Amino acid sequence: MKLIKKQRVSQGSGQQMHSDAIDRRTFLRRSGVALGGAAVASSLPLTMMRQAEASPEFAPKEGIQTERIHSICTHCSVGCGVIAEVQNGVWTGQEPDFESPFNLGGHCSKGASVREHGMGEHRLKYPMKLTGGKWKRISWDEAINEIGDQMLKVREESGPDSVYWMGSAKFSNEQAYLFRKLAAMWGTNNVDHQARICHSTTVAGVANTWGYGAMTNSYNDMHNSKAMIFIGSNAAEAHPVAMQHILRAKENGSKMIVCDPRFTRTAAHADHFVRFRPGTDVALVWGMLWHIFENGWEDKEYISQRVWGLDRVREEVKKWNPQEVERVTGTPEDVVKQAAQILAENRPGTIVWCMGGTQHTIGNNNTRAYCVLQLALGNIGKSGGGANIFRGHDNVQGATDFCVLSHSLPGYYGLSNGAWGHWSRVWDLDPEWVKGQFSQEEVEGDGGKPVHPMNYKGIPVSRWIDGVLEENIGQKDNIRVQVLWGHAVNSQTRGPEMKKAMEKLDMLVIIDPHPTHAAVMNDRKEGTYLLPAATQFETYGSVTASNRSLQWRDKVIEPVWESLPDHTIMYKFAKKLGIADQLCKHIKVNNDEPLVEDITLEFNKGMWTIGYTGQSPDRIKSHMANRKTFNTTTLKAEGGPNDGEYFGMPWPCWGTAEMKHPGTPVLYDPSKPVAEGGLTFRARFGVEHDGENLLAEGSYSDGSEIRDGYPEFKADVLKQLGWWDDLTDDEKTAAEGKNWKTDLSGGIQRVAIKHGCAPFGNAKARTFVWTFPDPIPVHREPLYTPRRDLVTDYPTYEDRKRFYRLPTRYASIQANDFSKDFPIIWTSGRLVEYEGGGEEQRSNPWLAELQQDMFVEINPADANDNGIRDGQMVWIDSPEGAKLKMKAMVTRRVAPGVVFTPFHFGGWYQGEDLLAKYPEGTAPLVRGEACNTGLTYGYDSVTQMQETKVSLCRIRAT
Amino acid sequence: MAKQQKTKGRHAKIILWSVVTIMLGATLLPLTGYIYVGVTSASAQATEESNPRANYWRAVREGGAGYVASQGPYTTNTLIQNGGQNWRQIRNGPVSTYTPWLLAAVIGAILIFHLVRGRIKVTEPRSGRMVERWGMGERVLHWYTAILFIILAITGLSMLFGRTVLIPLLGPEGFAAWASVARLAHNYLGPFFAVGILIEIVWWIRHNIPNATDMKWFAQGGGILTNTHPPAGRMNGGEKLWFWIICTFGVAVVVTGIILDFPNFEQSRETMQLVNIIHTVAAMVWIAVAIGHIWIGTLGSEGSLEGMTTGRVSEEWARQHHDEWLEQVKSREQS
Amino acid sequence: MSKLNVLLMGLVVVVLAGCNQSSSVTVHKPGVYKGASDPLLSANTEERATALSERFTMGQLDR
Amino acid sequence: MARMKFLCDAERCIECNSCVVACKNENDVPWGVNRRRVVVLNDGVPGEKSISVACMHCTDAPCAAVCPVDCFYTTDEGIVLHDKDLCIGCGYCFYACPFGAPQYPEQAAFGVRGKMDKCTFCAGGPAKNNSDAEYAKYGSNRIAQGKLPLCAEMCATKALVAGDGDMVADIYRERVLKRGGRPQTWGWETAYGAQG
């Protein structure tokens, strides 16, 4: 037995607390009993008891009216309901939301702590700017003017592409949409957000397999699963409330398999744990599929009706016999076979993956391999089956759907002239004006052909530093102004180069509730601006959970200190930059704040591709008010005003709001009519390839009048089918020459659904993606691999000259053998108490107290080899030259030869605490080395996703 | 000469071993309670049904330590500690049951003896000749420790028996007020008392080496019952016994007290429980003996108190109680 | 009897009171307490029990 | 009469620490004081189990038995509470408690600890229900408002269950029957005696 020794906070290493973070609470707690006479006095029962805690202004008071406000947790994508108790505008209490069908009152530690947002003791309080190496408080007007002038100057000199707009998955849908629009009005595609570095490979891989790149089912639907396989997902720490549904499924008899290099909290609940070497997902999945094919466990009827190209996969899988799988992944045959057998014998089964699968140079191969596994088992499009891809941030799904992304316009319309045309019509703007906002100089595109910047994918978030530093890039000039709007740079790899890039910038603008690691990790002396953004509890709007359901947040409190909601800040910038009238042409603006409901209604008008058209503010609010009427397994309302609708109208919610489509709870589920949430696989890739039919054969959704595959709907298709006259006259005018994606009246969708058809057609899922570097997913060794013996068999890609405007290296890095000097595999991941860059949580005393030190998990064998004791400070050396200092945690969670670090820490840089560089009173309570300072180069071959799950390192004692 | 050295060596050995025995006894005897608890809980466990996952849950019951994210001075990584129940059983059971009886027995015995036998008088009439027995330093030291001892004893007893004895008298609030003062006094004065005790031991140890005279003194029971006065040096057998009790029980109390008083050195709860039991039992024994000491020094024996107050005793008293010492003093004066 | 004897007798009485402590461990029955009063103890317990069991059902039963 | 009890279902607990944070939030518990904590046994190896633990409100509470100033009492619902005005911070309850529930704001020389603080089952203490004074000393009094402890109400996976012992047992029995296997009512024997 040992008492957990942590004498007092102040005595910890500087890492633990800011010296003046010994705040009121700590002070009062301590000052109560001192030595000597004071102690005698204060311990007398007659003296007033010291307070249990001392933030009286946030304590609930007796006799004051309490208001209950419903909001949605701002941490992860589960979408937990939050009930806030507010007294006189002060957030004094938090209650469980038992009525929410997602969390049924449950919260994880982060969700249970959201009240702290209203205290905001460590928040950024005022706009600030760095002058002469010192932070100076300025007014909002000064800030907007100075920043705007500098932006316009840079625009003049280097073109609009030299200003980078980094958005956030923490935006509400309305803010995300407005932000993407703002970047478009400014005239650049250099806009992106964290989805690039979390699930971009999923979106690309999955959308190219069956149509949409999103979670197919829902957390609640997992109650119906008979088997659940988690690959690279640690739901217990990343999506704790999802575990409520997962464990319920397990109690219903579902089998649970966890495949992970690390024995996670999720693995602790698994029936079957598969440990494998980081970065060998494809090999492992093909290993399982080898057993499935070998034993004929695949669903042959399903495959013949709904899957295309599986024979080509079979050829690849044949190579992955158990010996080869063990050689590459390190997993023995019986373990892999047992996993395959569990999946085969328990159907429907669902697959869950997260960052462990996506953040690789072959991330898109991984995600497609997972899809193929599910398709072979016939699990997609079924309740209890599906690919349950758990998203990260609370609104990363929404921000992705609104394409705060450098390669697309909202709704995944892409960057083609057609897409710009569509959105210009929605915005009611002249397409020529929009085009005129962009740089007019054509540049050499990714394929080597000249391309207009308007149609050219911008630089992604993972590579913005190269947009600053690299020469010979696909735009007029380097990035000179970086706007980090709700982005934690410590979630990005290659710290030393990022520092260099930050110092090269003309101006760095950080818009966030906290100063963030970006404010302190560089040695800039001038031209850094910090603008305090409000959290989502200080504003309102819609948010999309991982299962595609939209929920509405109400405003809990007014923005604290001088912070402003993001959309207000966007409008202020637009006004300064002279694009406000275009930005808010059909949006009412009150006192610089665009009206949120108007923004919702505007995107409802244009988001036809993925069915964000039916979720009007009124409908979403009605779902919120009646959330207790929804079934917690099916998410379908039973009675009440929303009878028959699915909670939050998971997209696609086809047609206009008036059409009252209930939303689609399970994607591609043909057992229900499309009008009631049924669907088929999307006919996205044409009707045939190399002479082979890509449309479904003999499979169609319930009630479909076309009893076979069919292409997507266009005006011409309606005419051929003789359904044209089902349109009203107005609809006919709007639909003429348009398709289901561009018909602003929604008439084509309405008529297709009326006849039981999916507007996007009925095709097969494809397992052979001919447009990708690896049409069939193959294994490729990571750039920094310890297995040099496998590099010849499984080499990485060739270097690319221009990819998302940037030169991108693969083979030239893999050619170097680092494994001698850096023998240990380094992987990274999540902690339950923190999220993302962790700025918010590390500033929250309730959460910060639980994780006070940045640490590295080391297997006892490696610890002994390197002479490291549990709890001691160690150095981690990265092959790219960074050295990181953190605490050792000697544990069997990781296998020998692998170390794990969490990625939420910041505020240290290469062993140095940056406390002094924070504006006064804004430093997080807990600071630590950011593991991404040491993580290395490596980007996915389709989306530029960064490689954070496999690198190499060396560990030594301090 | 050689023979004398040989006996001296034997004396040293005897002293050493008696110290060790008494120390060990004082430390270990109270712990026999743990054996009792161990035996009873073992028999209770035997009746439990066998369980397929018994190993895991047995580990929990046995207080297996785990990982805990929460941190704080009083946060433990153990799920269930059984020591607490054992400690409670011993403290609330045998310790608080038997130790007051020990006190009662001592006081009762003194009372009866006093009523029956009365005060031990100095038989010869006082001649007025005085002999210096205690130097100024010795007297200051004695009263320093004596006063602290009394305060610590009263406050300590309040902690152990206040709930039974004082709450009915003072009421919960009144007693809580007293108890918080008492606890503070006990905790803050304890270390000062410890210093005094250690100085006393060092200072007086040379006068308290047992010798053959003491054996005779003990053989005659100190002459208390027979109303005789066996020969004695500066310290008689009884005083030496008192000294050695301080050296053993007293030191045990002091050491355990320091451990309890400074909880900020990562002592585990098990340590604190163990130490608390030793502290309590040893202190109770010490208090019981001290009551005897106080009685003899004040009411029990005429003329003793003068020695500790004025530093000098009458020659008659000295002859009666410490004849050999008087001889020594006289011969020293003559030479 | 001298004053001192009276004092001694008193001491004996006090000590004997300490001996009175039962060797078996006290079992604290609900509601038996001598300190400051807690209004929770005298609140309407029937009504509260109903409220609490309703709350429990709301929190623990899946709809 | 309802008898309030806690139960942590180790098959469901995922060590997310929401109970710990919910408690801090609801009762404004200071840094370093943990009325509730989650202990993980066999961390990182097969057989890993985590369990949330706080004051179990024992039937025969050891803290109450050893308290020198007798500051503990048990409510009609079986909730063990204490009076901070009487507490002298001696630390005995911490030594006696099987669950490590009692906490103190200080740990300093001369046994200085400050007043003991522990889980109140969200039932406050001996002061006017839901008064500012009660909140300052003991935290929230949810029981008086007809609500249950927030740690259990907010448990992510409904592993931690709080409420009337019979209802808790019923819920748990149902789960065990569904899962198969034997009940593992962790801590119940220690806290509530053999018959639970």
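Please read all numbers here as calculations on a predicted model, not as lab measurements.

K.L.:
Can you break down the overall build of chain A residue by residue, with the values?
P.N.:
From N to C terminus, chain A includes 32 helices and 35 strands. Its C-alpha radius of gyration of 27 Å places chain A within 12% of the 30 Å reference for a compact globule of 958 residues. Dimensions of chain A, computed from C-alpha atoms along their principal axes, come out at roughly 95 × 65 × 60 Å. Buried positions account for 71% of the 958 residues belonging to chain A. Counting only contacts in chain A whose residues sit at least 6 apart along the sequence, the fraction spanning at least 24 positions is 73%. Accessible area of chain A: about 27500 Å², with a carbon and sulfur share of 49%. Averaging the coordinates of the 108 positive side-chain charges in chain A and doing the same for the 118 negative ones gives two points 3 Å apart.

K.L.:
Can you break down the side chain of Arg277(A) residue by residue, with the values?
P.N.:
Residue and element names in this part refer to chain A. By the secondary structure assignment, Arg 277 is in the loop between β10 (272-274) and α8 (281-294). When its relative accessible area of 11% is taken as the criterion, Arg 277 is described as buried. Residues contacting Arg 277, with those up to four places away along its chain left out, are Val 328, Thr 329, His 779, Glu 781, Thr 785, Pro 786, Arg 787, Leu 790 and Ile 825.

K.L.:
Run through the environment of Gln94(A), naming residues and quoting values.
P.N.:
If you trace the backbone, Gln94(A) turns up in strand β3 (residues 90-96). Take Gln94(A): its relative accessible area is 1%, and that puts it in the buried class. Each residue touching Gln94(A), except ones within four places of it in the same chain, is listed here: Val82(A), Ile83(A), His107(A), Gly111(A), Ala112(A), Ser113(A), Val114(A), Arg115(A), Asn25(D), Glu26(D), Leu150(D) and Met154(D). At 3.4 Å, the side chain of Gln94(A) forms a polar contact with the backbone nitrogen of Arg115(A). A distance of 2.8 Å separates the side chain of Gln94(A) from the side chain of Asn25(D), its partner in a polar contact.

K.L.:
Run through the sheet that holds strand β35 (residues 951-957) of chain A, naming residues and quoting values.
P.N.:
Residue and element names in this part refer to chain A. Pairing in this closed barrel of 6 strands is mixed, and the strands run β27-β31-β28-β30-β29-β35 around the ring. Direction aside, neighbouring strands of the sheet carry axes that sit 45 degrees apart on average. Relative to strand β31 (residues 898-902), strand β27 (residues 824-829) runs parallel, the two sharing 5 bridges. By the bridge assignment for β31, Ser 828 is matched with Thr 901.

K.L.:
Describe the confidence of the model for chain B, naming the residues involved and giving the relevant values.
P.N.:
Regions with low pLDDT carry predicted coordinates that are not meant to be interpreted in detail. Residue and element names in this part refer to chain B. For chain B, mean pLDDT is 81; residues scoring 70 or higher make up 81% of the total. Across chain B, element-level confidence peaks in helix α8 (residues 237-261) with a mean pLDDT of 92 and bottoms out in helix α2 (residues 32-46) with 52. Here residues 42-54 is modelled with pLDDT under 50, and outside its nearest four sequence neighbours on either side it reaches 11 contacts, counting other chains as well.

K.L.:
Explain the packing of aromatic side chains to me, and be specific about the residues and the numbers.
P.N.:
All names here are of chain A. The final tally for this structure, using the stated rule, is 57 aromatic pairs over all chains. With a centroid separation of 5.3 Å and an interplanar angle of 75 degrees, the aromatic rings of Trp 420 and Phe 438 are classed as edge-to-face. With Trp 420 in helix α16 (residues 417-427) and Phe 438 in the loop between α17 (431-437) and β13 (443-444), this pair connects stretches of sequence that are 18 residues apart. Under the relative-accessibility criterion, Trp 420 is labelled buried at 2%.

K.L.:
Let's hear about empty space enclosed by the protein: which residues, and what values?
P.N.:
For the structure shown, the criterion picks out 19 cavities of 30 Å³ or more. There is about 690 Å³ of room inside the second largest cavity. Lining the second largest cavity we find 33 residues, and of these Gly156(B), His186(B), Gly257(B), Leu260(B) and His279(B) sit closest to its centre. Among the secondary structure elements, those contributing two or more residues to the lining of the second largest cavity are α5 (136-165), α6 (167-204), α8 and α9 (269-300) of chain B together with α3 (92-96) of chain D. The class makeup of the residues in the lining of the second largest cavity is 20 nonpolar, 9 polar and 4 charged.

K.L.:
I'd love a proper account of the interface of chain A and chain D, names of residues and values included.
P.N.:
Each partner contributes residues to the interface: chain A has 63 residues there, and chain D has 59 residues. Taking both partners together, chain A and chain D bury about 5400 Å²; carbon and sulfur atoms supply 54% of that area. Its salt-bridge partner being Glu95(A), residue Lys147(D) comes within 3.3 Å of it at the nearest N-O pair. On inspection of chain A and its partner chain D, the count reaches 25 residue pairs in polar contact (both at pLDDT 80 or more). For the side of chain A that touches chain D, the secondary-structure elements that each account for two or more residues are α1 (24-31), β3, α7 (242-251) and α31 (845-848) of chain A. Among the elements that make up the side of chain A that touches chain D, the one with the highest residue count is α7(A) (5 residues). Of the residues that constitute the side of chain A that touches chain D, the class distribution is 30 nonpolar, 15 polar and 18 charged.

K.L.:
So, the pairing of strand β4 (residues 128-131) of chain A: which residues are in play, and what are the values?
P.N.:
Residue and element names in this part refer to chain A. Pairing between β4 and strand β5 (residues 134-137): 4 bridges, direction antiparallel. The residue bridging Lys 129 from the neighbouring strand is Lys 136, located in β5. Once β4 ends, the chain turns through 2 residues before running back antiparallel as β5, passing Gly 132 with a positive phi of about 60 degrees. Judged from the 2 bridges that link them, β4 and strand β17 (residues 528-532) form a sheet pairing that is antiparallel. The residue bridging Met 128 from the neighbouring strand is Leu 530, located in β17.

K.L.:
Explain the nonpolar core to me, using residue names and the numbers behind them.
P.N.:
One finds Met151(A) and Trp165(A) to be the most contacted residues of the largest nonpolar core, which totals 175 residues. Here this core takes 10 residues from α8(A), the largest share from any one element. Those residues in contact with Trp165(A) that sit more than four places away from it in its chain are Met151(A), Phe179(A), Leu182(A), Ala183(A), Trp186(A), Thr188(A), Asn190(A), Val191(A), Asp192(A), Val483(A), Trp485(A) and Leu577(A). Core analysis: the next-biggest nonpolar cluster, separate from the first, contains 163 residues, Ala179(B), Cys71(D), Tyr104(D) and Phe121(D) among them.

What counts, and at which threshold
- Residues numbered from 1 in each chain as written.
- Chains lettered and ligands numbered in written order.
- Predicted model: local features only at pLDDT ≥ 70, side-chain atom pairs only at ≥ 80, totals over all residues.
- Heavy atoms only, no water.
- Helix = DSSP H or I, 4+ residues; strand = E, 2+ residues; numbered from the N terminus.
- Rg over C-alpha atoms; globule rule 2.2 N^0.38 Å.
- Buried < 20%, exposed > 50% of the residue type's maximum accessible area, 1.4 Å probe, protein only.
- Contact = heavy atoms within 4.5 Å.
- Areas by Shrake-Rupley, 256 points an atom, 1.4 Å probe, with all protein chains shown as cover.
- Lys, Arg positive; Asp, Glu negative; His and termini not counted.
- Charge placed at Lys NZ, Arg CZ, Asp CG, Glu CD.
- Polar contact = N/O pair within 3.5 Å; in protein donor to acceptor, adjacent residues only side chain to side chain.
- Pairing = 2+ DSSP bridges.
- Axes fitted to C-alpha atoms, helices over the stretch in contact; angles between N-to-C directions.
- pLDDT = per-residue confidence, 0-100.
- Phe/Tyr/Trp six-rings, centres within 6.5 Å; stacked < 30°, edge-to-face > 60°.
- 1 Å grid on protein atoms, 1.4 Å probe; cavity = no way out; pocket = protein on both sides within 12 Å on 5 of 7 lines; lining within 4 Å.
- Points joined across faces, edges and corners; volume = space filled by probe spheres on them.
- Nonpolar A, V, L, I, M, F, W, Y, C, P; charged D, E, K, R; others polar.
- Buried area = accessible area lost by both parts, 1.4 Å probe.
- Salt bridge = Lys/Arg side-chain N within 4 Å of Asp/Glu carboxyl O.
- Core = buried A, V, L, I, M, F, W, Y, C linked by side-chain atoms within 4.5 Å.

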